[in-house]
Amino acid sequence: MCLYRLLVLSVFLSITQAVDRSNFKTCDQSAFCSRQRAMKPGQSSYTALLETLELSDSHLTVQLLNNNNKVLLLLELYRLQGNMTRVKINELKPIKPRYEVPDVLITDPPTELMSVVAQDEHRVVLSLGGEDWRLILSAQPFRLDIMEGPQVLLSLNSRGLLAFEQLRIRKDTKSQTDTEEAGEKEDTEKHDKEKVSEGEEEAEEEVDQPGMWEETFKTHADTKPNGPSSISLDFSLPGVEHVYGIPEHADGLRLKNTDGGDPYRLYNLDVFQYELFNPMALYGAVPVLLSHNTHRTMGLFWLNAAETWVDVSSGQGSSEVPQTDVRWISESGIIDVFIMLGPRPNDVFTQYSSLTGTQAFPPLSSLAYHQCRWNYNDQEDVSAVDQGFDEHDIPYDFIWLDIEHTDGKRYFTWDNNKFPQPKDMLQGLLDKRRKMVTIVDPHIKVDSSYKIHTEIRSRGYYIKNKDGGDYEGWCWPGNAGYPDFTNPEMRKWWASMFAYDQYEGSMENLYTWNDMNEPSVFNGPEVTMHKDALHGPWEHRDIHNLYGFYVQMATAEGQIQRSGGLERPFVLTRAFFAGSQRYGAVWTGDNAAEWGHLKMSIPMCLSLGLVGISFCGADVGGFFKTPSAELLVRWYQAGAYQPFFRAHAHLDTPRREPWLFGPDNTALIREAVRQRYTLLPYWYLQFYHAQRTGQPVMRPLWVEYPEDIATFSIDNEFLIGRDLLVHPVTDERSSGVTAYLPGNGEVWYDVHTFQRHDGAQNLSIPVTMSSIPVFQRGGSIICRKNRVRRSSACMENDPYTLYVALDSQGKAEGEIYIDDGHTFKHKTDKQFIHRRLSFTANSLSSSDLSPDSQFPTASWVEQVNILGAQKPDAVTLTTTDGGESSVEFEFDPDTAVLTLRKPGVNAGVNWTLHLR
């Protein structure tokens, strides 16, 4: 225990300063990255053996020969539905299987027929559909080019950086049996090798390099029983200067040139107080990169869960055309890459979501405000904070409990001294229509009296160390075991622990936070798990980036199961991978109370949205350190317009509930939170679309304005859906900001003053401490609920106010979506309302977009504000029963806003308002 206390003390000391870079590897310190990066472009050793080409209904295969060591690879090409191409490369005859990532793809992607258009001894030309789409497979050196007419869209291995370290038997440790087995394998391959190497030089003797069979970082040794197994492949993107994606990094939206520095690293790590503008790995990894220019958007999805480095090199191509080269390097596994050909941004989002799924449709309440810190002390503290929100008239939906609520960091338990009656506490929140989140981490205290530990151990569900015993490491409880969430039986058991009769004290308004699931191991290499730990037959090095994905998957399934499949889950995760969007929300981890971290929350969440994970936020106020009152207010104002809105703080920081900074600042924070609540119908609509289409909720401007070069590098403002543009104030003592309003010929309206502005301009905006610059796009209709109550559930039946922002043609369109806000009945029983709102020819109408669905609602339309209007002589309302009535209105000539008062029509029926 003394050792444990010293370890925890060292952790706390380390987090008081910026990240200690020496705890984490650079590429030079990673043997496989260093080896691969030492390769020089233009020296490809691979030839495609066109005589081995086979074409079936579903795909093409051809063998690739490494001319240096005579090892054969198998290339598989698939033309996928939806304008995608899949490329897989594996050893033709590996001495043992190589890891292929399961469970991330939602289905085996459907294929389309490929056909050979032309072939000679040097190349094969394949049709990808249509007259202009071609894939050219060149033999010597091996290369793939995807063409549209005469234009090269993308080239694979054009720089010759394909590398595939084959699995082998270590020479200096071969037993006689090993030698005999190797000989047998050699005999079986002899005929094939003779065919391809006749008349050529013999294979070069491969020389072992440092780090191939074992590697040491600091005091940690990594045994590598399979030896070197890394892979690498390069892609060239002619005409492209802007690439995005591959989160998670604390860096700008546009990816930078990595020449002369470290590549971007994808390796889920627990990084205390991370640095900004740094390609270091953070908590999550999504190996998806998007390229964009004025003509086309494309995507690359590198399906590999091992440690991965990504080099980005931008410059001039051979004909002085801009070009970006991207190289992927992974420690193990196979090459399995999906090329998404767009051509528009929304097409890439659709293509990617067809592979990995869309954002889970969250409960409406989870889009509201969350109050958290490490830690609320006890039940009395929770009650006092809850009461404080009521006393200061600030709404909130969730209060959170961190690790101190448990019995000695034993998850699924409560500290009986601090939380003796958890159900009474939860019932008190439920009576106010509020909810709670408790933390459930995937490190399990090794304690023979702890049911969770004894069950996992008895079932053999722990990850094993290299010698076959249960892997153990240090984390918050002290000595801890780590459940093997890659095991479906383990995930099934874990899910069962969320049942109300298993998780004692839990109720239907208790939800879950999965933290430390990179996994975090305080005494492990780079504060994570040893790579030679075992998940069944696979090493941890193969699956590392998937671990958090599986933890969140099992937890979300547990919440669904406990309700009998009726209720939607809410699970927040720190670690994530491609496909994590299917299971809940993420946040940007342990940030700091600094202006730079507030700024960085925007590109970090934008990057996540581009790769499918829309439900993103940052700790409001900063997790570490203490924000000034100004910084805290500005962070609330920014957070109110980001998808996941949670305040959180470190154990050692002073309390910072919204009313602790004086009445003026309390009023400013209250107003920011209230703005979030009025917009919940719009947020909910955006998430409804996200789960249907894969489009990001919070998105960069270039997504909607793909031909406007001015938008390509903007990451200090963003769009929510198509229709709200937000430019948070993120500079200290700011007296003004400059917002770019896109769209030549478009108009934008300040949502606070209703002032109209033309698009395609940089707008200088004076700001005070109460300013949150937000603009509504002309041509849109947004629904709000302006009667803010203490929680979102209390507003369920409240009326709507419609904001109709007219475009330059006097038209506007929008939508309204309503369901019960928390169950799956919108899917299972089609219990929802989805309506189109349209303003044209001086009439505003509501029509049904889903006539085969039904849902009763008590909500009605209380008010309509038409921005950019002219004064009518009269306004009448027509309903489906043919009734007609006049509607009161007033017109403000200074703002050109027409206000229609109390049309009084139900939000779920057809109606038309006529302006005469």
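Before reading on, note that the structure itself is shown above.
Residues numbered from 1 in each chain as written. Predicted model: local features only at pLDDT ≥ 70, side-chain atom pairs only at ≥ 80, totals over all residues. Heavy atoms only, no water.

**Q** What is the right way to read helix H5 (residues 379–391) from this model?
**A** Every α-helix carries 3.6 residues per turn, so stepping three or four residues along brings you back to the same face. In this model H5 runs 18 Å from its N-terminal to its C-terminal C-alpha over 13 residues, within 8% of the 18 Å that 1.5 Å per residue would give. The set of residues buried in H5 consists of Gln379, Asp381, Val382, Val385, Asp386, Gly388 and Phe389. Those residues of H5 that are buried lie in contact with strand E21 (369–371), strand E22 (398–401), helix H6 (422–431) and strand E23 (435–439). The backbone nitrogen of glutamate 380 lies 3.2 Å from a side-chain oxygen of the residue at the head of H5, namely aspartate 378. Aspartate 393 sits one or two positions beyond H5 and adopts a positive phi of about 55°. (Helix = DSSP H or I, 4+ residues; strand = E, 2+ residues; numbered from the N terminus. Expected span 1.5 Å × (residues − 1). Buried < 20%, exposed > 50% of the residue type's maximum accessible area, 1.4 Å probe, protein only. Contact = heavy atoms within 4.5 Å. Polar contact = N/O pair within 3.5 Å; in protein donor to acceptor, adjacent residues only side chain to side chain.)

**Q** Help me understand the state of the cysteines in this model?
**A** What we call a disulfide is simply a covalent bond connecting the sulfur atoms of a pair of cysteines. Evaluation of the coordinates by the stated rule reveals two disulfides. Disulfide pairing is shown between cysteine 27 and cysteine 33; the S-S distance is 2.0 Å. Residues cysteine 27 and cysteine 33 are joined through a disulfide that is left-handed, its torsion about the S-S bond being -100°. Comparing cysteine 27 with cysteine 33, the two get one shared label, buried. Here cysteine 605 connects covalently by a disulfide to cysteine 616, the sulfurs 2.1 Å from one another. When the S-S torsion is -75°, as for the bridge of cysteine 605 with cysteine 616, the disulfide is left-handed. (Disulfide = S-S within 2.5 Å.)

**Q** Just to check I follow, could you spell out the packing of aromatic side chains for this structure?
**A** Aromatic ring pairs are reported here in terms of the distance separating the ring centres and the angle at which the planes meet. All told, the structure shown has 46 aromatic pairs when counted by the stated rule. Their ring planes at 25° and their centres at 4.8 Å tell us that phenylalanine 361 and tyrosine 684 sit as a pair that is stacked. On the criterion of sequence distance, the pair formed by phenylalanine 361 in the loop between helix H4 (345–356) and E21 and tyrosine 684 in helix H14 (residues 680–693) is long-range, its members being 323 residues apart. The exposure class of tyrosine 684 is buried, given its relative accessible area of 3%. Taken together, the ring pairs in this structure connect Phe398, Trp400, Tyr511, Trp513, Phe570, Trp587, Phe615, Phe644 and Phe687 into an aromatic cluster. The ring of tryptophan 587 carries the charged tip of arginine 646 above its face, separated from the ring centre by 5.1 Å. (Phe/Tyr/Trp six-rings, centres within 6.5 Å; stacked < 30°, edge-to-face > 60°. Lys NZ or Arg CZ within 6 Å of the ring centre and 35° of its normal.)

**Q** Is there a simple way to think about the sheet that holds strand E25 (residues 472–475) in this case?
**A** Strands pair in a sheet through their backbones, by hydrogen bonds, and they do so in one of two ways: parallel or antiparallel. The strand order across the open sheet built from three strands is E24-E26-E25, with neighbouring strands paired in antiparallel fashion. Here the strands that pair on one side only, and so sit at the sheet edges, are strand E24 (444–445) and E25. (Pairing = 2+ DSSP bridges.)

**Q** In this structure, what is going on with the packing of helix H11 (residues 595–610) against helix H12 (residues 629–639)? I would like to understand it.
**A** Helices that pack against each other are described as a pair by the angle of their axes relative to one another and the distance between those axes. It is the contact of H11 with H12, at a shortest axis distance of 10 Å, that shows an interaxial angle of 5°. For the element pair H11 / H12, the angle class is roughly parallel. In contact with Trp595, His597 and Leu598 of H11, H12 contributes Glu630, Leu631, Arg634, Trp635 and Ala638. (Axes fitted to C-alpha atoms, helices over the stretch in contact; angles between N-to-C directions. Parallel < 35°, antiparallel > 145°, perpendicular 65-115°, else oblique.)

**Q** Can you walk me through the environment of leucine 126 in this structure?
**A** Residue position: leucine 126 is located in strand E6 (residues 123–127). On the basis of relative accessibility, which here comes to 0%, the residue leucine 126 falls in the buried class. With ten residues separating them along the chain, leucine 126 and valine 116 place their C-alpha atoms 4.5 Å apart. If we skip the residues at most four places from it in the chain, leucine 126 touches Leu60, Leu77, Met114, Ser115, Val116, Val117, Trp133, Arg134 and Leu135.

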